[in-house]
Amino acid sequence: MKKFVSLLLALALCLGLGGAALATTATEDLFRPQVWFGDWADDYELINWDYYDDVGALGLILGFRSEPEAAMQLFLAYADRLSEDGSLQEMSRLKYESDYGEYDQEACFTYMGRSNVGSVTSLLGGTPCELTIDQVWLDDGYPRIVIAWGEGFPMEIDLDEIDILSADVEPVSDPSAPAAETVSGPVIPDAWAFFNEEITHEDKNIDNGTQVLFMFDSDHAAAAYEYADLLQNGGFGLTLTGMLSREQDRSIPSGTYYYIFDYPDAAQIEDYFNGNYRHGAVTLKINDWPDYGWCEVAIQFSDDLTVADTGDRCSVTGLADHKEALAGPMGGKGPRTGDADYTMRVGESLRLDCPRKFGANTEQFRWAVDEGADLVSLEGEISASATVTAKAPGRVVVSVVYDHSYDTTDVLTGNDTYGFAAPTYYFIIEITN
């Protein structure tokens, strides 16, 4: 207890938390997050929250408007206090690098009070435990405190108390934005319109719904997280029931971020992620892989939701396609557009190299001429490099699908396993006489 009081005094001095934070030393408040984090709501500005109830697991996601250092101390205050409670034994504490520095953190605990408490899998490290707390940063610039616990754990949640603490954040209106469509019934925002109509996408039918796939330059990945925030806080009636992540390469801020949303009475779609089948009205998967040079956004939504241009637009502009795509229910621009990557003359040859992942275990390459096939000849269709020879002037688009496997770790079991990816890269060529 002495250590904890000293920590709170340090927080009050360094961060200006005020004396109210000292009220959270009681054990009965330790398992009541609305009391614990309510004492900091004014200092940290609790801007949003979500509660999820999954099979065998419960959770609370609290969003704060805070600087990285302050959010780190908020996490440490709660994690340290949990570790001092006699009913808990701390199993692990991890820290991960993010765009904001080493601020993604996690602490996992075993509950010593009862034996019939279910276990959960931690968000970052994949550790099975009875209670886990994570502090994660998304690209909207705000930290989340994520608490998850197994069924039977004595966590007491009062959603009304949390709702009172959370500030109502009104979206900033843009007078130049197009007017929202008038659509009756449940709606999902048109992601193509939200991405400023700058990138194409590929759609396909799935059981009870539709899948929409975007792929754009990794430098603009923040656009994907803005769309995730729109689904959570845009007032469309969607409830976040799960948020998962999977690290691809811990040496850089690269990973997959997965969101599951529900909507009352909407037909459920089924998706597979991290070794389990997931169900919801909407799933959003963001493959944020700067090591590949692109960001992939996969949206799956129920047939009971109607795609509509809600007038919302992301702040990121200049998105560049990394995948030829077809038009579908979320708009679409048709063929790939953009400036030429290469210029060549009739009769000249050009070698194109497929971007490859270092240390890949298996590799397959599939080259094709997607536009202007009568203007060039192509050699090396199944090789790492292909040669294009110009036959006539015009515009040509060449693509390569890079199908490969690589070593990775299963975040659920910690065992070594294999990952698979098949990105498509495009090359635009202008041919002159």
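Residues numbered from 1 in each chain as written. Predicted model: local features only at pLDDT ≥ 70, side-chain atom pairs only at ≥ 80, totals over all residues. Heavy atoms only, no water.

Engineer: It is not clear to me how the packing of aromatic side chains should be interpreted in this structure. Could you clarify?
Structural biologist: For any two aromatic rings, the description comes down to two numbers: the centre-to-centre distance and the angle of the planes. Scanning all chains against the criterion turns up twelve aromatic pairs. With a centroid separation of 5.6 Å and 55° between ring planes, the pair formed by Phe-194 and Tyr-227 is classed as tilted. Here the residue Phe-194 occupies a position in helix α7 (residues 191-194), and Tyr-227 occupies one in helix α8 (residues 222-233), the gap between them amounting to 33 residues. Both residues of the pair, Phe-194 and Tyr-227, belong to the buried class. Ring-pair connections join several aromatic residues into one group, and the members of that group are Phe-194, Phe-195, Phe-214, Phe-216 and Tyr-227. (Phe/Tyr/Trp six-rings, centres within 6.5 Å; stacked < 30°, edge-to-face > 60°. Helix = DSSP H or I, 4+ residues; strand = E, 2+ residues; numbered from the N terminus. Buried < 20%, exposed > 50% of the residue type's maximum accessible area, 1.4 Å probe, protein only.)

Engineer: Where do I start with the sheet that holds strand β20 (residues 349-353) in this structure?
Structural biologist: Adjacent strands of a sheet pair through backbone hydrogen bonds, lying either parallel or antiparallel. Ordered by their spatial adjacency, three strands build an open sheet running β20-β23-β22, and the pairing between neighbours is antiparallel. Looking at which strands have only one partner, the edges of the open sheet turn out to be β20 and β22 (376-379). For this sheet the average axis-to-axis angle between neighbouring strands, irrespective of direction, equals 25°. (Pairing = 2+ DSSP bridges. Axes fitted to C-alpha atoms, helices over the stretch in contact; angles between N-to-C directions.)

Engineer: What's the story with the side chain of Glu-130 in this structure? I'm lost.
Structural biologist: The residue Glu-130 is located in the loop between β6 (128-129) and β7 (131-137) in this model. Beyond its immediate stretch of four places on either side in the chain, Glu-130 contacts Phe-109, Thr-110, Tyr-111, Val-117, Gly-118, Ser-119, Val-120, Ala-148, Trp-149, Gly-150 and Phe-153. (Contact = heavy atoms within 4.5 Å.)

Engineer: Got a minute to help me understand the environment of Ser-302 in this structure?
Structural biologist: Tracing the backbone through its elements, the reader meets Ser-302 in strand β17 (residues 294-302). For Ser-302, a relative accessible area of 0% corresponds to the buried category. Once you skip the residues sitting within four places of it in the chain, Ser-302 turns out to touch Asn-208, Gly-209, Ala-266, Ala-267, Ile-269 and Ala-281. In terms of polar contacts, Ser-302 uses its side chain to reach the backbone carbonyl oxygen of Ala-267, at 2.8 Å. (Polar contact = N/O pair within 3.5 Å; in protein donor to acceptor, adjacent residues only side chain to side chain.)

Engineer: It is not clear to me how the nonpolar core should be interpreted in this structure. Could you clarify?
Structural biologist: Here is a general trend for soluble globular proteins: nonpolar side chains tend to be buried in one another's company. With 42 residues, the main nonpolar core has Phe-195, Phe-214, Tyr-227, Tyr-259 and Ile-299 as its most contacted residues. Going through the elements one at a time, α7, β11 (209-217), α8, β12 (239-249), β13 (254-262), β16 (282-289) and β17 are the ones with two or more residues in this core. The element best represented in this core is α8, accounting for seven residues. By size, the runner-up hydrophobic cluster in this structure holds 29 residues, among which are Phe-75, Tyr-111, Leu-131 and Met-155. (Core = buried A, V, L, I, M, F, W, Y, C linked by side-chain atoms within 4.5 Å.)

Engineer: What is the right way to read the pairing of β22 from this model?
Structural biologist: Consecutive side chains along a regular strand alternate between the two faces of the sheet. Judged by which residues are buried, β22 turns out to be one-sided: Val-376 and Leu-378 face inward and are buried, whereas Ser-377 and Glu-379, on the alternate face, are not. Here β22 pairs with strand β23 (residues 385-390) via four bridges, running antiparallel. When the bridges of β23 are listed, Val-376 appears paired with Ala-390.

Engineer: Hey, could you run me through α8 in this one?
Structural biologist: Owing to its 3.6 residues per turn, the α-helix aligns residues three or four sequence positions apart on the same side. Over its twelve residues, α8 runs 16 Å from end to end, which matches the ideal 16 Å to within 8%, given 1.5 Å per residue. Considered for burial, the residues of α8 that qualify are Ala-223, Ala-224, Tyr-225, Tyr-227, Ala-228, Leu-230, Leu-231 and Gln-232. The positive-phi residue at the C-terminal boundary of α8 is Gly-235, with phi of around 80°. (Expected span 1.5 Å × (residues − 1).)

Engineer: How should unusual backbone geometry be read in this particular structure?
Structural biologist: Note on backbone geometry: most residues besides glycine have negative phi, and most peptide bonds are trans. Backbone geometry at Asn-208 places phi at a positive 65°, although glycine is not the residue there. Structurally, Asn-208 is set in the loop between β10 (202-206) and β11. Phi is positive for Asp-265, close to 65°, though the residue is something other than glycine. Assignment of secondary structure puts Asp-265 in the loop between β13 and β14 (269-273). Residue class for Asp-265 comes out exposed when judged on its relative accessible area of 82%.

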